[in-house]
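# Descriptive analysis of the structure
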Amino acid sequence: MSKSDFLSTGDLSPAALGQLVDLAARLKAGEDGGRLEGKTLGLVFFNPSLRTRVSFAVAMRQLGGHVTNLDVGQATWAIETRDGVVMDGDRPEHLREAAAVLSRYVDGLGVRAFGQGQCWMDDRADSVLQGFARHAAVPVINLESAVWHPCQALADILTWRELGLKRGSPIVLTWTYHPRALPMAVPNSVVLAAAQFGARMTVLRPPEFALDRELVTQAGAVADRTGGSLVETHDRNCLAGARVVYAKSWGSLQAYGTPETEAALRGRYQDWKVTQEWMNRTNEGAFMHCLPVRRNVVVSDEVLDSAASAIVQQAENRLHVQKALLLKLLGVSP
Amino acid sequence: MSKSDFLSTGDLSPAALGQLVDLAARLKAGEDGGRLEGKTLGLVFFNPSLRTRVSFAVAMRQLGGHVTNLDVGQATWAIETRDGVVMDGDRPEHLREAAAVLSRYVDGLGVRAFGQGQCWMDDRADSVLQGFARHAAVPVINLESAVWHPCQALADILTWRELGLKRGSPIVLTWTYHPRALPMAVPNSVVLAAAQFGARMTVLRPPEFALDRELVTQAGAVADRTGGSLVETHDRNCLAGARVVYAKSWGSLQAYGTPETEAALRGRYQDWKVTQEWMNRTNEGAFMHCLPVRRNVVVSDEVLDSAASAIVQQAENRLHVQKALLLKLLGVSP
Amino acid sequence: MSKSDFLSTGDLSPAALGQLVDLAARLKAGEDGGRLEGKTLGLVFFNPSLRTRVSFAVAMRQLGGHVTNLDVGQATWAIETRDGVVMDGDRPEHLREAAAVLSRYVDGLGVRAFGQGQCWMDDRADSVLQGFARHAAVPVINLESAVWHPCQALADILTWRELGLKRGSPIVLTWTYHPRALPMAVPNSVVLAAAQFGARMTVLRPPEFALDRELVTQAGAVADRTGGSLVETHDRNCLAGARVVYAKSWGSLQAYGTPETEAALRGRYQDWKVTQEWMNRTNEGAFMHCLPVRRNVVVSDEVLDSAASAIVQQAENRLHVQKALLLKLLGVSP
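Residues numbered from 1 in each chain as written. Chains lettered and ligands numbered in written order. Predicted model: local features only at pLDDT ≥ 70, side-chain atom pairs only at ≥ 80, totals over all residues.

For the rest of this paragraph, the subject is the packing of helix H6 (residues 150–162) of chain B against helix H7 (residues 185–197) of chain B. Residues and elements named next belong to chain B. Where H6 meets H7, the axes come as close as 9 Å, and the angle between the chain directions of the two elements is 45 degrees. Classified by the interaxial angle, the pair formed by H6 and H7 is oblique. Considering only the axes of H6 and H7, their crossing is right-handed. Facing Pro150, Gln152, Ala153, Asp156, Ile157 and Trp160 of H6, the residues of H7 in contact are Val186, Ser189, Val190, Leu192, Ala193 and Phe197. When its residues are assigned to classes, the contact of H6 with H7 shows 9 nonpolar, 2 polar and 1 charged. (Axes fitted to C-alpha atoms, helices over the stretch in contact; angles between N-to-C directions. Helix = DSSP H or I, 4+ residues; strand = E, 2+ residues; numbered from the N terminus. Parallel < 35°, antiparallel > 145°, perpendicular 65-115°, else oblique. Left-handed = near helix turned anticlockwise from the far one by under 90°. Contact = placed C-beta atoms within 7 Å. Nonpolar A, V, L, I, M, F, W, Y, C, P; charged D, E, K, R; others polar.)

Encoded structure:
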């Protein structure tokens with residue numbers, strides 16, 4: 001019996017994605033979408049979490065099930081993720097056993113495993129997430145990997161709908177300054193989700209902060225098919241007419257794994273902070289961010305606390321889209 | 001729709017407090033006080049916990065709901081609590097977002113946030129707890145802040161009742177030695193609760209270990225209205241006739257935030273340890289402490305393991321008073 | 001009212017142990033063995049856990065109850081376990097209070113407390129586990145102590161049965177190399193369980209890695225009564241005919257608490273790794289290990305990923321035997 005994983009929104013066609021978000025909207029409106037009575041979802045965290053941790057716990061409980069958390073390296077053993085190694089170091093447990101054994105206890109597994117930030121080609125392989133998907137016998141949900149954060153993308157699509165966006169609506173995903181080189185999973189996922197949604201997506205970023213070329217090319221191809229578009233620019237004039245300004249920082253792929261070089265690149269752009277002046281250039285655009293967000297670094301208090309800020313709505317939508325996803329992945333097919 | 005928080009027993013009138021403890025007593029006796037089916041309480045811990053963590057989990061489950069825990073800085077992001085700051089340090093998440101987002105997932109929030117121990121005027125503002133109360137859309141329960149530990153106080157009132165104490169009964173809250181300068185939340189709460197209960201409360205302490213003057217004045221004013229009283233002394237003769245000896249250590253406000261100076265003040269009073277000799281001077285008094293307690297530093301094994309020790313009963317009562325509180329705050333009004 | 005603890009399989013007669021594993025097998029086959037509706041099991045972890053943590057959570061939920069976890073020294077206070085001490089160090093809570101208070105909240109307690117690895121005579125007293133058993137008013141389950149891991153042993157017995165083993169079947173428990181001196185709880189428990197099961201158990205180990213003499217003598221006496229046997233050897237010819245090769249590393253009791261000396265003893269035996277060549281010498285033997293296992297140190301990838309590997313089945317059986325145990329300890333007697 002084959003199992004369904006959810007590793008990227010790219011696992012679903014644009015139509016299937018639309019249906020999943022439809023279900024999330026109906027669940028949010030109070031419709032009964034089914035139950036997961038007695039089921040347990042195991043959540044494996046290699047990294048911290050607030051929204052993911054709580055929204056999945058509440059989602060499972062509202063559906064009649066439960067979550068069980070494993071915080072790797074804290075409450076549970078450090079996990080080796082590479083194949084074929086001689087395990088004589090500081091990681092006593094292998095992913096192969098962890099995934100196989102947990103599959104005997106739980107009905108699904110969520111995995112959060114950021115990249116190592118040393119080598120983009122390595123991180124791009126998403127080996128921890130992919131390893132769990134390969135060795136688990138139950139559906140695996142990506143709770144944010146080195147490459148993708150698809151549950152965030154689902155919540156964003158629902159939010160775009162609620163904000164009245166449609167195929168062809170203009171969205172600006174803007175890079176911002178941040179004191180550290182952050183992972184790429186959210187921008188990758190937002191770009192792909194916008195393409196699947198059919199948005200006119202502009203990525204506003206300094207020249208040195210391009211996203212992965214292959215992922216951008218793939219998202220562009222998707223956009224071609226859905227009637228959307230994908231362009232990149234460093235010109236803030238692209239804000240004109242935007243319905244959404246989605247802010248996010250990420251590290252430079254030009255200097256991935258070399259923190260000093262990367263910090264020098266990033267340091268030139270400390271003025272890349274979303275302010276009210278930015279928002280005024282849009283078409284009454286909404287402000288979005290995946291959270292956590294650094295106030296007055298990534299975005300001003302003024303914008304974040306304004307009526308244009310959709311961040312709390314966006315975070316709430318994690319709950320609803322994840323309930324839809326869980327019903328789809330763990331529910332009994334009729 | 002306004003929400004009810006529980007930040008201090010001072011949020012309730014003495015009469016309302018009495019009714020809440022009445023309900024707790026009835027729940028302890030097995031009465032069905034209502035259900036919180038399907039509700040989730042989020043517990044945000046900035047500090048460790050044993051009794052609070054387990055008693056709230058069991059309380060919610062016995063009422064049909066659940067808790068979800070967030071251990072700040074461990075399993076979840078470090079949280080910035082100051083307003084208006086440029087968040088370029090080591091705390092990626094702001095309390096404003098955490099409180100607002102969690103309010104979309106859970107039905108109530110408990111928050112444990114001790115003070116920083118640097119400046120009493122700062123800690124006295126209880127800014128983390130107050131920030132959650134201000135920015136959460138759901139009821140907030142104080143699980144011990146810099147200033148108050150009201151759930152402990154509720155349990156203590158129920159215990160006083162069970163021990164047969166009435167309005168006018170004499171209670172001694174005694175300072176004890178301890179190797180570290182401990183927070184003031186428990187003594188503050190016990191003094192206020194005793195005033196609300198109408199006890200004759202004596203605070204037995206070395207001269208340098210006065211509680212906050214304003215809080216003592218306020219508690220004294222409450223005692224005047226309830227028929228109780230509040231006096232402070234360093235004379236152990238006050239033990240004569242006491243029905244309860246409540247032991248607790250706390251740091252000196254005279255040297256708050258200057259550990260060496262404070263330790264020198266404290267070091268003079270290593271003989272402030274409750275022994276059987278102390279207990280013999282009382283009127284068959286019970287021994288109370290909020291736990292955790294350092295054996296043979298704060299109190300002798302002999303006293304702690306004697307029949308006069310009410311500490312386990314006191315800790316058990318956390319469960320019952322919290323069930324009453326949860327029903328009041330999260331329950332559907334008829 | 002007396003309470004039942006489960007600290008070692010030795011707490012049960014061979015017949016009672018057999019009945020418990022019978023029940024586990026029936027539960028695994030889908031039989032309804034009863035419910036623990038509304039009950040809470042508190043799990044106190046002094047050490048990390050994966051299988052134990054998740055399998056107990058799922059076991060309780062499948063029976064209608066819940067677990068509540070306490071990670072000592074992380075989310076909860078560090079716990080002093082010695083009696084009679086002056087608690088002026090870094091452990092603010094005493095086991096006596098922790099056990100007594102938790103007993104007022106939960107219906108049973110699981111405790112994981114490895115030894116300190118300093119002095120075997122001290123660790124052998126299993127004082128943390130024994131302290132919880134003595135001071136808790138509710139049943140205590142050993143989740144792995146310095147001396148025993150009886151839940152693992154229960155799972156192993158069920159696995160032996162499923163593999164077709166019977167009284168008199170030959171099992172080899174083989175020591176293996178490992179980069180650190182590991183605890184003795186699993187080998188102790190496997191040896192005792194094999195004796196209770198009536199297996200012909202051979203402990204294959206280097207001369208310096210004998211198990212505790214008294215425990216071996218006791219297990220041998222049990223084997224005499226059940227029709228089993230227990231021998232020790234360093235000769236790998238014992239693998240001939242074995243139905244199970246159970247691999248496990250442990251530290252040398254000759255150098256307990258002196259890491260450098262112990263490492264020198266251990267270092268001579270880096271070739272003690274289970275390979276296919278070992279397995280080929282058996283009677284189509286199954287490979288077992290309690291997990292986590294260090295691949296290519298303790299056992300080769302080839303063996304671990306072969307059809308002969310029973311490790312996942314063995315880990316799954318933790319769930320079933322623990323459900324049986326929980327029903328026995330926490331269920332209402334008819």
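The two copies are related by a screw motion: chain B maps onto chain A through a turn of 120 degrees and a shift of 0.0 Å along the axis, at an RMSD of 0.0 Å. This pairing of chains is accounted for by a three-fold axis. Ranked by how close their C-alpha atoms come to the rotation axis, the residues of chain B are headed by Gln74(B), at 5.0 Å. Residue by residue, only 4% of the interface of chain B is reproduced at the interface of chain A, so the copies engage with different surfaces. (Least-squares fit on C-alpha atoms with pLDDT ≥ 70 in both.)

Another aspect to go through is the domain arrangement of chain A. Residues and elements named next belong to chain A. On domain assignment, one finds that chain A holds domain 1 (9–149 + 318–330) and domain 2 (164–309). Residue-level contacts link 18 residues of domain 1 with 15 residues of domain 2. Looking at the side of domain 1 that touches domain 2, the elements with two or more residues in it are helix H1 (14–28), helix H4 (120–124) and strand E6 (140–145). In terms of residue class, the side of domain 1 that touches domain 2 is built from 8 nonpolar, 7 polar and 3 charged. (Domains from an automatic or database assignment.)

When chain C is fitted to chain A, the best match, at an RMSD of 0.0 Å, comes from turning it 120 degrees and sliding it 0.0 Å along the axis. A share of only 4% of the interface residues of chain C reappears at the interface of chain A, consistent with the copies meeting through non-equivalent patches.

Residues and elements named next belong to chain B. Taking burial as the measure, the 6 residues of strand E1 (residues 40–45) include 6 buried ones, the bulk of the element. Going residue by residue along E1, you find Thr40, Gly42 and Val44 tucked away on one face and Leu41, Leu43 and Phe45 tucked away on the opposite face as well. The handedness of the E1 to strand E2 (residues 66–71) crossover, carried by helix H2 (residues 51–62), is right-handed. As judged from the 5 bridges shared by E1 and strand E5 (residues 108–113), these two strands associate in the parallel manner. Each bridged residue has a counterpart across the sheet, and for Leu43 the counterpart in E5 is Gly110. (Buried ≥ 20, exposed ≤ 12 C-beta atoms within 10 Å, placed from the backbone. Right-handed = clockwise from strand over helix to strand, strands pointing away. Pairing = 2+ DSSP bridges.)

The subject of this paragraph is the sheet that holds strand E10 (residues 244–248) of chain A. All names here are of chain A. Spatially, E9-E8-E7-E10-E11 is the arrangement adopted by the 5 strands of the open sheet, whose pairing is parallel. One side of each edge strand has no neighbouring strand; the edge strands of this open sheet are strand E9 (229–233) and strand E11 (286–288). Across the sheet, the mean angle from the axis of one strand to that of its neighbour is 20 degrees, orientation sign disregarded. In the sheet, strand E7 (residues 170–175) pairs with E10 via 5 bridges, with the strands oriented parallel. In the sheet register, Thr174 faces E10, and the bridge partner there is Ala247.

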